[in-house]
Amino acid sequence: MKILGIDLGTTNSALAAAEDDAAARPEPIAQVTGPGEIAARTTLPSFLLLPGELEVPAAQLQLPWSGPLRYAVGEFARDRGAELPHRLVASAKSWLCNPAIDRSAPVLPFRGAQRELERDMEGGERVSPVNAAARYLAHLRAAWDDAHPDEPAAEQEVLVTVPASFDPVARELTVVAAREAGFDRVTLLEEPQAAFYAYLAHRGDAWRRELTPGSVVLVCDIGGGTTDFSLIEIADDAGNLVLERIAVGDHILLGGDNMDLALAALVGRGVGRPLDALQQRALVHTCRRAKEQLLGDGAPDKLPIAILGRSSKLIGGTIKTEVTRAQVEAVLIDGFFPEVDADARAAQRRAGGLRELGLPYAHDPAITRHLAEFLARFGRMPTHVLFNGGVMKAPRLAARVVDRLRAWAGRDVEVLAGADPDLAVALGAAHYGQVRRGKGIRIRGGTARAYYIGIESAMPAIPGFTPPVKALCVAPQGLEEGSTVELPDDELGLVVGETSVFRFFAAAARPDVPALVTDQAGALIDADTEGVAELDPVEKLVAADADHPAGQLVPVRLEAHVTEVGTLELWCVARDGRGRWKLEYSVRERS
Amino acid sequence: MSRLFLAFLCFLRILFGKKLPPEASKFLPEPTTPALGPAPEKAPAAKPPTETRPETRPEPRPAPAEDRPRVSAAQQHRDGALALLALLQREGRLVDFLLEPLDGFSDADIGAAVRDVHRGCRKVLDQHLSLEPVMPGAEEARVAVPRGFDPAEVRLIGEARGEPPFRGTLRHHGWRVVDARLPALADGVDRAVIAPAEVEL
């Protein structure tokens, strides 16, 4: 049985395959690359195009293994979708962890405030964030099956990566999407850990010379749309090196695309005439290249920029301008990676009264401030940094991050040489499959956060005063896959025949909030403790049966179980032993 | 793949050859009325079932050639060449560039546009073809043409006296496509439209 590592990325997905005795290799992915053209690429852009019949004929979207299709994923979906933004699903993964919407309802392509209008729009197929993710996975599966007809993907061992910051609901939904795509059994792995596994596989045994007990590695993953930080500590356990993932940052919707847009806005202002949507897109592409060139080693002082004429009059319509290195440095290095101190904190968006539903984009563009905040929250300074994601291909941006880390730590911080940043996560996931078969060292991770169930205090009702909510820790941070914790008896009950809803919270251990550091299962803290974030509620409808007549209150105790898949399950066990019920994550829109 | 390779060669021959081979002229599209009026009525396509799930079980590959309408070899050559031209136009605007009269533009104007044309066309080459010199070695250096060389690979300029090996100056090292990864082409797509008209609404 082969091992398939799938990087289900926000902007690009990738697939790698490994065997017991063969290292992980990237797998080319056949996809529609132009109208009626199919070619293999190393990545599958995570875009889903749902065009009308008059916008893209179905014959142009057929794949070698399908008939004419009414949708496309991949390169052509992305490129043609830029001209049909109302038909394009992008960043589906960020929607998957956005509690502001019902993630199993067909809401994409998202049209914000226009949602009411578009019921009248014709033929606009909509999909749920789960279904969009399922289509990317189904495409990877079909492309693999087409290339390897004797080894169907669904019969291989499949690992799917998720952001470390994904909450239990988003992880569960990823598994649901995989099942919808025909992968009945997958294992989840956090992306920064996958990037680290790719480093381990890439370096072979040499990593044991680079990292020693006491080393702390910051995995700094800045992709197209998201930024993700994790800390991995190297420790000595009876003479053996052990790796432990000790901290996971928040899901920050900020990445290379923001930088390209910022640079394009600056250059576009210098053009002096309005650009249409396609010219704007061409300019963004040009700016991405300019970013990499002007922030590289031995960069020129300026680069000419040409935006080709849109009509068939190519030269006559060309707009010429230029971008200087000083401009790029001001916008990108100082704008996104300012020289901040270790005590800097990212600016938070003040909660407005009315805010359009949408993706919760980071309010503060300064990645170094987000990083300083992350490191301060966990009170650890890294000794090494491993970069991942396309943004770090620009050497001077990586240099600025290293420079800040050194200043904050007051000592040297070494850069680890990882694998190809576009493919590292998929390669690392496939390598993790080998590790699970006993070939290589495993990172101890477990749950990224501690999880709590909300319990309302029993208090007499007082007008204008909401009873304080206590948070009961049901799963401590670092609970490993395959383990179960049973909570001591508590005054919890399920009402038969009614949906019981429990508020659900998460918190990461923080040295500045003593209550959170050592929270073990059963600990009871205030739900409004700093650092405790509310997630979607969990709920259960217990149907009446012979043992449990409707309306009866069944006293239960809680059990938390981290599955081998990597999801968190909460169970209610009747104290009289006559029943067990799994609490379901609610993905409905929160009011 | 060899068929695509052949198509590519045919494309280059037809594009750059001095005279259009008579066989090729046959494939020129019939003069048609410009696509101004409404497109010819197509048989109403069966409405595809609304998919709530993606293709979880991929359908079997379309039946092999016997059951499908046969596409002639000539048609395939033509489609392959046109698809490559479409790629060069889409990525590098090559057709726009070649068909635009250059009179009246300064070298600087042309130069500004050419960078992008070059980058786009180069991307097509890099993505789809692996090229290497036919004859390794620095140009303008003295080289030996060995006994048993293939005259299709090495073109002799000037009079060759006696039997090989010949000694001479390498004027151009030639290019050989060692791998062609041209896109597979879906049936039922009119390749004559190498760039659709674009109408912004």
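From a predicted model like this one, the values you see are computed outputs, not experimental measurements.

Definitions and cut-offs
Here, residues in each chain are numbered from 1, in the same order as that chain's written sequence. Here chains are named by letter from A upward and ligands by number from 1 upward, in the order in which they appear as written. At least 70 in pLDDT is required for a residue's local features to be given in this predicted model, at least 80 for side-chain atom pairs to be given and counted, and no such filter applies to totals for whole chains, interfaces and linings, which use all residues. The secondary structure listing takes helices from DSSP runs of H or I that are at least 4 residues long and strands from runs of E that are at least 2 residues long, numbered from the N terminus. Three exposure classes are used, based on other C-beta atoms lying within 10 Å of a residue's own C-beta, which is placed from the backbone: buried for 20 or more, exposed for 12 or fewer, and partly exposed in between. Contact definition: two residues whose C-beta atoms, as placed from backbone geometry, lie within 7 Å. Each radius of gyration is computed over the set of C-alpha atoms, and the globule rule expresses the reference value as 2.2 Å times the number of residues to the power 0.38. In this description, strands pair whenever DSSP reports at least two bridges between them. Simply put, an axis is a line fit to the C-alpha atoms, just over the touching stretch for a helix, and the angle between two N-to-C directions goes from 0 to 180 degrees. Throughout this description, any angle smaller than 35 degrees is read as roughly parallel, any larger than 145 degrees as roughly antiparallel, any in the 65 to 115 degree range as roughly perpendicular, and the remainder as oblique. Nonpolar residues are Ala, Val, Leu, Ile, Met, Phe, Trp, Tyr, Cys and Pro. Charged residues are Asp, Glu, Lys and Arg, and all others, Gly as well, are polar. A score from 0 to 100, pLDDT tells how confident the predictor is in each residue. The nonpolar core is taken to be a set of buried Ala, Val, Leu, Ile, Met, Phe, Trp, Tyr and Cys residues joined by way of C-beta atoms within 7 Å. Each helix should span, by expectation, one fewer than its residue count multiplied by 1.5 Å. As used here, the arc belongs to the directions running from the helix axis to the C-beta atoms. Crossings are classed by handedness, with left-handed meaning an anticlockwise turn of the near helix from the far one by less than a right angle and right-handed meaning a clockwise turn.

## As for the overall build of chain B
(1) Moving on: A count of helices and strands for chain B gives 5 helices and 5 strands.
(2) Moving on: Listed by position from the N terminus, the elements making up chain B come as α-α-α-α-α-β-β-β-β-β.
(3) Moving on: The burial tally for chain B puts 15% of its 201 residues in the buried class.
(4) Moving on: At a minimum sequence separation of 6, the contacts of chain B that also span at least 24 residues come to 76%.

## Notes on the overall build of chain A
(1) Moving on: Of regular secondary structure, chain A possesses 13 helices and 30 strands.
(2) Moving on: Taken over C-alpha atoms, the radius of gyration comes to 25 Å for chain A, in line with the 25 Å a tight globule of 591 residues would show.
(3) Moving on: Counting only C-alpha atoms, chain A reaches 80 × 60 × 60 Å along its principal axes.
(4) Moving on: Of all 591 residues assigned to chain A, the portion counted as buried reaches 47%.

## Notes on the sheet that holds strand β4 (residues 29-34) of chain A
(1) Moving on: Spatially, the 3 strands line up as an open sheet ordered β4(A)-β5(A)-β5(B), and their pairing is antiparallel. Of all strands in the sheet, those with a lone pairing partner are β4 of chain A together with β5 (184-185) of chain B, marking the two edges.
(2) Moving on: As paired strands, β4(A) and strand β5 (residues 37-41) of chain A are joined by 5 bridges and run antiparallel to one another. Paired with A:Gly34 across the two strands is A:Glu37, which belongs to β5(A).

## Considerations on the interface of chain B and chain A
(1) Moving on: If you look at the interface, chain B gives 31 residues, while chain A gives 34 residues.
(2) Moving on: Counting only elements with at least two residues in the side of chain B that touches chain A, the list comes to α3 (73-92), α4 (94-99), α5 (107-128) and β5 of chain B.
(3) Moving on: Tallying contributions element by element places α5(B) first for the side of chain B that touches chain A, with 6 residues.

## Examining the packing of helix α8 (residues 277-294) of chain A against helix α9 (residues 325-336) of chain A
All names here are of chain A.
(1) Moving on: Remark: α8 packs on α9, axes separated minimally by 10 Å, with the N-to-C direction vectors making an angle of 100°. Accordingly, the angle class assigned to the pair α8 and α9 is roughly perpendicular. Together, Ala290, Lys291 and Leu294 of α8 and Arg325, Val328 and Leu332 of α9 make up the contact between the two elements.
(2) Moving on: When grouped by side-chain class, the residues that make up the contact of α8 with α9 number 4 nonpolar, no polar and 2 charged.

## Considering the pairing of strand β14 (residues 240-248) of chain A
Look at any regular strand and the pattern is simple: side chains alternate between the two faces of the sheet.
All names here are of chain A.
(1) Moving on: One ladder, built from 8 bridges, connects strand β13 (residues 227-237) with β14; its direction is antiparallel. In the strand pairing of β14, Ser230 is matched with Val248.
(2) Moving on: Between β13 and β14, which follow one another and run antiparallel, lie 2 residues, and Ala238 among them has a positive phi close to 50°.
(3) Moving on: Note: β14 against strand β19 (residues 443-444), 2 bridges, orientation parallel. Bridging from a neighbouring strand, Glu244 pairs with Arg444 of β19.

## Quick notes on the confidence of the model for chain A
All names here are of chain A.
(1) Moving on: With 93% of its residues at a pLDDT of at least 70, chain A reaches an overall mean of 86.
(2) Moving on: The spread of mean pLDDT over the elements of chain A runs between helix α13 (residues 514-517), the lowest at 72, and strand β1 (residues 3-7), the highest at 97.
(3) Moving on: Counted against residues more than four places away or in other chains, residues 113-118, with its pLDDT under 50, gives 3 contacts.

## Side note on the nonpolar core
All names here are of chain A.
(1) Moving on: Core analysis: the largest hydrophobic core is formed by 189 residues, its most contacted members being Ile6, Ala16, Leu48, Leu137 and Val474.
(2) Moving on: Residue contributions to this core peak at 11 residues, all from helix α3 (residues 129-147).
(3) Moving on: Apart from the residues lying within four places of it in its own chain, the contact partners of Leu48 are Tyr71, Val73, Ala77, Val89, Ala92, Val127, Ala132 and Arg135.

## Looking at helix α11 (residues 395-409) of chain A
Residues and elements named next belong to chain A.
(1) Moving on: Taking 1.5 Å per residue as the helical rise, α11 with its 15 residues ought to reach 21 Å, and the 21 Å between its terminal C-alpha atoms agrees with that figure.
(2) Moving on: All of the buried residues along α11 are Leu397, Arg400, Val401, Arg404, Leu405 and Trp408. Buried residues in α11, looked at end-on, bunch into an arc of 135°, giving them a common side.
(3) Moving on: Those residues of α11 that are buried lie in contact with β12 (216-222), α9, α10 (367-378) and β17 (384-388).

## Examining the sheet that holds β14(A)
Two pairing modes exist for strands in a sheet, parallel and antiparallel, and in both the strands are linked by backbone hydrogen bonds.
(1) Moving on: In space, the 6 strands of this open sheet follow the order β18-β17-β12-β13-β14-β19 (chain A), with mixed pairing throughout. What marks the edges here is a single partner per strand, and that holds for β18 (414-416) and β19 of chain A.

## As for the confidence of the model for chain B
(1) Moving on: Across chain B, the average pLDDT comes to 74, with 65% of residues at 70 or higher.
(2) Moving on: Scored as a complex, the prediction yields pTM 0.83 and ipTM 0.74.

## Some words on unusual backbone geometry
(1) Moving on: Cis peptide bonds are those with omega within 30 degrees of zero, and the linkage from A:Leu108 to A:Pro109 qualifies with 0°.
(2) Moving on: As for its position among the elements, A:Pro109 is in the loop between α2 (92-96) and α3.
(3) Moving on: For the peptide bond that leads from B:Pro164 to B:Pro165, omega is 0°, which places it in the cis range.
(4) Moving on: Looking at the element boundaries, B:Pro165 is found in the loop between β2 (142-145) and β3 (166-169).
(5) Moving on: Phi at B:Arg93 takes a positive value of approximately 55°, unusual for a residue other than glycine.
(6) Moving on: Among the structural elements, B:Arg93 can be located in the loop between α3 and α4.
(7) Moving on: Even without glycine at this site, B:Glu140 takes up a positive phi of about 75°.

## Observations regarding the packing of α3(A) against helix α4 (residues 168-180) of chain A
Residue and element names in this part refer to chain A.
(1) Moving on: For the pair α3 and α4, interaxial distance at closest approach is 8 Å and the crossing angle is 50°. Regarding the angle of α3 to α4, the classification is oblique. Read as a crossing pair, α3 and α4 show a hand that is right-handed. Along the contact surface, α3 presents Val130, Asn131, Ala133, Ala134 and Leu137, while α4 presents Leu173, Thr174, Val176, Ala177, Ala178 and Glu180.
(2) Moving on: Across the contact of α3 with α4, the residue classes tally to 8 nonpolar, 2 polar and 1 charged.

## Some details on α3(A)
(1) Moving on: The terminal C-alpha atoms of α3(A), which comprises 19 residues, lie 28 Å apart, in line with the 27 Å expected from a rise of 1.5 Å per residue.
(2) Moving on: Of all the 19 residues making up α3(A), 16 are buried; the element is thus mostly covered by neighbouring parts of the structure.

## Looking at the pairing of β4(A)
(1) Moving on: For β4(A), the tally of buried residues reaches 6 of 6 residues, placing the bulk of the element in the interior.
(2) Moving on: Hairpin connection between β4(A) and β5(A): a loop of 2 residues separates the two successive antiparallel strands, and A:Gly36 in this loop has a positive phi of roughly 70°.

## With respect to the environment of A:His370
Residues and elements named next belong to chain A.
(1) Moving on: Tracing the chain through its elements places His370 in helix α10.
(2) Moving on: Its 21 C-beta neighbours within 10 Å are what place His370 among the buried residues.
(3) Moving on: Taking the C-alpha atoms as reference points, His370 and Arg345, 25 residues apart in sequence, are found 6.6 Å from one another.
(4) Moving on: Among residues more than four places away in sequence, those in contact with His370 are Thr227, Ile252, Ala346 and Asp364.

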